[in-house]
Each structure stands twice: as structure tokens, then as C-alpha cells.
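Spelled out, the chains give:
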Amino acid sequence: MKQMVKIFGVITLMLAAVLAQAQDVKIAVVDTAAVFQKMPQREATMNQLKKEFEGRVRDVQKLEEDGRSFIEKQQKDMAFMNDEQKAQAQRKLNEMQAAYVQKRRTLEEDQMRREHEERQKMLGRIKAAIEEITKADGYQLVLERNAAIYVSPSLDITSQVISKVSR
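Residues numbered from 1 in each chain as written. Predicted model: local features only at pLDDT ≥ 70, side-chain atom pairs only at ≥ 80, totals over all residues. Heavy atoms only, no water.

Undergrad: Teacher, can you tell me more about the packing of helix H4 (residues 83-137) against helix H5 (residues 158-165) here?
TA: A packed helix pair is summarised by two numbers, namely the angle formed by the two axes and the spacing between the axes. Where H4 contacts H5, the two axes come as close as 9 Å, and the packing angle between them is 120 degrees. Taken together, the axes of H4 and H5 are oblique relative to one another. Taken as a pair, H4 and H5 cross one another with a handedness that is right-handed. Residues Arg125, Ile126, Ala129, Ile130, Glu132, Ile133 and Asp137 of H4 form the contact with H5, whose own contacting residues are Gln160, Val161, Lys164 and Val165. (Axes fitted to C-alpha atoms, helices over the stretch in contact; angles between N-to-C directions. Helix = DSSP H or I, 4+ residues; strand = E, 2+ residues; numbered from the N terminus. Parallel < 35°, antiparallel > 145°, perpendicular 65-115°, else oblique. Left-handed = near helix turned anticlockwise from the far one by under 90°. Contact = heavy atoms within 4.5 Å.)

Shown next as C-alpha cells:
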């Protein structure tokens, strides 16, 4: 029994030491998704990307419209076409469709790549702002807001990060 009391006492002392040490740790949380959504640069970047790709988007839309027009015309003329003309029309339609699919796929891939590049730049700004706040306020640990079930509002530095990245 004395052995159990001694073990319990040692465990209690160890827990008390860990808790005392943990009280010195300054923790904060940040909702990076909210910061990203509220960044003024986000809207400007989206507009810039839209302008960057608008010519190519128009080209793809024109290809799509040309394909529709060709199909409509062929459906009207089908009754008057011989087998060779029908085969030729089908080959042309297949070529048009292949060109459309290729241009559209290339456009989507390029748009996704550029959006990713710009998102990475913005996330870099967010990270730099968090690091600046962390150093200035002496935080030893900053967690993503969604990683915790409950967070006291006093630990949330999201608004500070938003104001830093908005400058």
C-alpha cells in the first residue's frame, strides 16, 4: 500500500510539473480559409486571371458554337446527302470535336495551374503574416482553427492575420 501511495505521489508530481510547464506555452489559432476568403488580393487576382484567359475562353466557346452550327446544318441537309458526303461530314465533325476537346482541356489545365500558382502566393503571404504576429506576440504554437474542437475566442488571431495581409 505504501508503494502505491509513493507511485501515486510521483505521478502527481510529474503531472504537476508538466502542467506548470504547459502554462508557459502561448498558443494561438487561425482560420486560414477565412483569411484567404477575406483577402482583398483574392478578388484582384481572380479578375487578373479572368482577363488573362478571356481570349482563350472565347476561342473555346467559338469552337463549341461552330460545332453546334455544323451539326444543325448537317441535320437539315442529311436527307439530300449521298453516302460519301455523309462520311465526309462525319469526319469533319470528328475533327471539330477533337480540336474542341483538346483546346478545352489545355485551357482548363492552364487555368488550374495559374490558379494554383496564385493561391500559393497568397498562402505565402498568409504564412508570413502569421509568422510576423507569432514573433511579435510571443506565440510558441499556432494551430489551424479547424484542428480543434473548441477554441476560446481570445486565442483566435484570424482577424489580426486578415488585417496584416490586407495591407
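Having seen the model, we can carry on.
Undergrad: Help me understand the packing of aromatic side chains in this model?
TA: The description of an aromatic ring pair rests on the distance of the ring centres and on the angle between the ring planes. Summed over all chains, the structure comprises zero aromatic pairs. One residue, Lys26, lies across the ring of Tyr139, its end atom 5.0 Å from the ring centre. (Phe/Tyr/Trp six-rings, centres within 6.5 Å; stacked < 30°, edge-to-face > 60°. Lys NZ or Arg CZ within 6 Å of the ring centre and 35° of its normal.)

Undergrad: Can you walk me through the packing of helix H3 (residues 40-77) against H4 in this structure?
TA: Relative to each other, H3 and H4 sit at 170 degrees, their axes nearing to 10 Å. Judged by the inter-axis angle, H3 sits roughly antiparallel to H4. Looking at the contact of H3 with H4 residue by residue, the class counts come to 14 nonpolar, seven polar and 13 charged. (Nonpolar A, V, L, I, M, F, W, Y, C, P; charged D, E, K, R; others polar.)

Structural measurements only, silent on function.
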